[in-house]
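# Reading the structure
Read off the chains here:
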Amino acid sequence: MVSSTVVLSLSFVLLQASLACCFTLRPLHPQQHVHLQHSVSSALSSTIDDDATIVQPQLLESSNTSTRRNFFVSVAAATALVTTSFPSTSQAAPSTSDAVITDKIFIEFKGLPSADGTPTYENSRVVIGLFGNDAAQPVSILKQLVSKEGYKSKCKPLDTSRLLQKDQLEANKVYNSCLENEDTTGVNYDYSTVWRIIPDQRIDVGAVSGRFVARENPNFEDAKSGLAHDMPGVVSVRRGDDGGYGFTIFPGTRGSVGASILDDDNVVVGRVIEGMDVVERLNALPVVKSAGVNYMALTGGTTTKNAPNRSCRYGGPMYCNENKPLKKVLLDKFGVL
């Protein structure tokens, strides 16, 4: 196919010839026709595969009776060949609304208030359609995380750097307990929580409970599907292994700041197909907000948080609870439909 480069190149050649014709009172010389023919052919063949067969534009034979009128007919024919014979290489980005749903999972949230803010004792349910063709590996992991058997993951190496003996003994206990259940118990979302909400930007779900904190994080691979956060309800996971076990529900709109951030960091795996009212209620939950000062940055520490930090539950850095829902919302029930 002809690229924009060859179109511009050919246009420049034709423009040169037309200017020469327009500002010359006499007809084109035969050698000028030959030169123009050669320039057009070179511009076309320079960006087309050697095996491709192309039809060269034939400019009108030059003679002493050639006129500018005949020349412009030739120019029009050559231009039409370039612009109509070859399709454009640009394509629209794929849309999540058109992506094929291969699997469905459900999540039931416990503790989510009703739309008017009154407490409710009924679970709030969402159904997520997964794009198994576009993100096979992340979808496979997510389906395991919502299953009873869970996702089989190895234990993290034992941390022996604790300064206090009491802390080291606790770390040893957690590690040994993990080894005992490593081959029999997989990680799932039992009693996991909604751990961060940035209104209209992201709803981060799936902070796993204490018995799974000693497990290695999954490594979510990017299949380069081109899918983006282009509508409310898009579901994604953080690319790589530094995002924990959770996933993100996008509550915003296409082209927003939140969409841009998630497009850079996350892999789209599906979209909410039932329960968008639940997503709206999650998005409206009040969260912890500080004065806007990043205390960790002031002390030279990390400035962002990709996954829930266990130290937050023990009075860790002041910013670690930022955007955490004021009301605890659990993932009470889940599974594959």
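Not measured: the values here are computed from a predicted model.

### Examining the packing of aromatic side chains
Per the counting criterion, the structure on display carries three aromatic pairs. Ring centres of Tyr189 and Phe334 lie 6.2 Å apart, and the angle between their planes is 85 degrees; on these two criteria the pair is classed as edge-to-face. Of this pair, Tyr189 sits in the loop between helix 5 (165–181) and strand 3 (193–198) while Phe334 is found in strand 8 (residues 330–336), placing the two residues 145 residues apart along the sequence. Since its relative accessible area comes to 14%, Phe334 is described here as buried. Taken together, the ring pairs in this structure connect Tyr189, Phe247 and Phe334 into an aromatic cluster.

### A closer look at the side chain of Asn323
Structurally, Asn323 is set in the loop between helix 8 (295–298) and strand 8. Residue Asn323 is classed as buried on the basis of its relative accessible area of 10%. Residues in contact with Asn323, not counting those within four places in the same chain, are Trp195, Arg196, Ile197, Ile198, Val287, Val288 and Lys289.

### Some words on the confidence of the model for the chain
On average, residues of the chain score 75 in pLDDT, and 63% of them are at 70 or above. Per-element confidence in the chain is highest for strand 2 (residues 124–130), whose mean pLDDT is 95, and lowest for helix 1 (residues 4–22), whose mean pLDDT is 49. Counting contacts from residues 47–65, a segment whose pLDDT is below 50, to residues more than four positions away or on other chains yields 30 contacts. Per-residue pLDDT stays below 50 along residues 310–319; that stretch engages in 16 contacts with residues further than four places along the chain or on separate chains.

### A look at the nonpolar core
Among soluble globular proteins, nonpolar side chains are generally buried collectively. In this structure, Ile107, Phe109, Tyr189, Val194, Phe247 and Leu282 are the most contacted members of the largest nonpolar core, which totals 39 residues. Dropping the residues within four chain positions of it, Tyr189 is found in contact with Leu142, Leu145, Val146, Gly206, Val208, Tyr245, Gly246, Phe247, Leu331 and Phe334. By size, the runner-up hydrophobic cluster in this structure holds eight residues, among which are Phe131, Val234, Phe250 and Ala259.

### Looking at the pairing of strand 2
It is a general feature of regular strands that their side chains alternate between the two faces of the sheet. Burial runs high along strand 2: six of the seven residues are buried. Direction of pairing for strand 1 (residues 103–110) relative to strand 2: antiparallel, over a ladder of seven bridges. Directly across from Lys104, in strand 2, lies its bridge partner Gly129. Relative to strand 7 (residues 266–274), strand 2 runs antiparallel, the two sharing four bridges. Opposite Ile128, over in strand 7, you have Val272 as the bridge partner.

### Description of helix 6 (residues 257–265)
Listed as buried for helix 6 are Gly258, Ala259 and Leu262. For helix 6, the angular spread of buried residues about the axis comes to 95 degrees, placing them on one side. Away from the buried face of helix 6 by more than 90 degrees, exposed residues Val257 and Asp264 are located. If you follow the buried residues of helix 6, they end up packed against strand 4 (202–207), strand 6 (247–249) and strand 7.

### Some thoughts on the pattern of salt bridges
What the rule picks out here adds up to ten salt bridges. Among the ionic pairs, Glu108 bridges to Arg125, the shortest N-O distance being 3.3 Å. Linking Glu108 in strand 1 with Arg125 in strand 2, this pair joins segments that are 17 residues apart in sequence. Assessed through its relative accessible area of 37%, Arg125 is described here as partly exposed. Within this structure, Arg196, Arg202 and Asp204 form a network of salt bridges that share partners.

### A short note on helix 4 (residues 136–145)
Looking only at helix 4, the buried set comprises Pro138, Val139, Ile141, Leu142 and Leu145. Taken around the axis of helix 4, the buried residues stretch over an arc of 160 degrees, which confines them to a single face. Buried residues along helix 4 sit against strand 1, strand 2, strand 5 (234–238), strand 6, strand 7 and strand 8.

### Looking at the environment of Ile203
In this fold, Ile203 is placed in strand 4. Spatially, the C-alpha atom of Ile203 lies 6.8 Å from that of Asn283, the residues being 80 residues apart in sequence. Sequence-distant contacts of Ile203, that is, excluding residues within four places in its chain, are made with Val194, Arg196, Ile197, Phe247, Thr248, Ile249, Pro251, Val279, Leu282 and Asn283.

What counts, and where the lines are drawn
Residues numbered from 1 in each chain as written. Predicted model: local features only at pLDDT ≥ 70, side-chain atom pairs only at ≥ 80, totals over all residues. Heavy atoms only, no water. Phe/Tyr/Trp six-rings, centres within 6.5 Å; stacked < 30°, edge-to-face > 60°. Helix = DSSP H or I, 4+ residues; strand = E, 2+ residues; numbered from the N terminus. Buried < 20%, exposed > 50% of the residue type's maximum accessible area, 1.4 Å probe, protein only. Contact = heavy atoms within 4.5 Å. pLDDT = per-residue confidence, 0-100. Core = buried A, V, L, I, M, F, W, Y, C linked by side-chain atoms within 4.5 Å. Pairing = 2+ DSSP bridges. Arc of directions from axis to C-beta. Salt bridge = Lys/Arg side-chain N within 4 Å of Asp/Glu carboxyl O.

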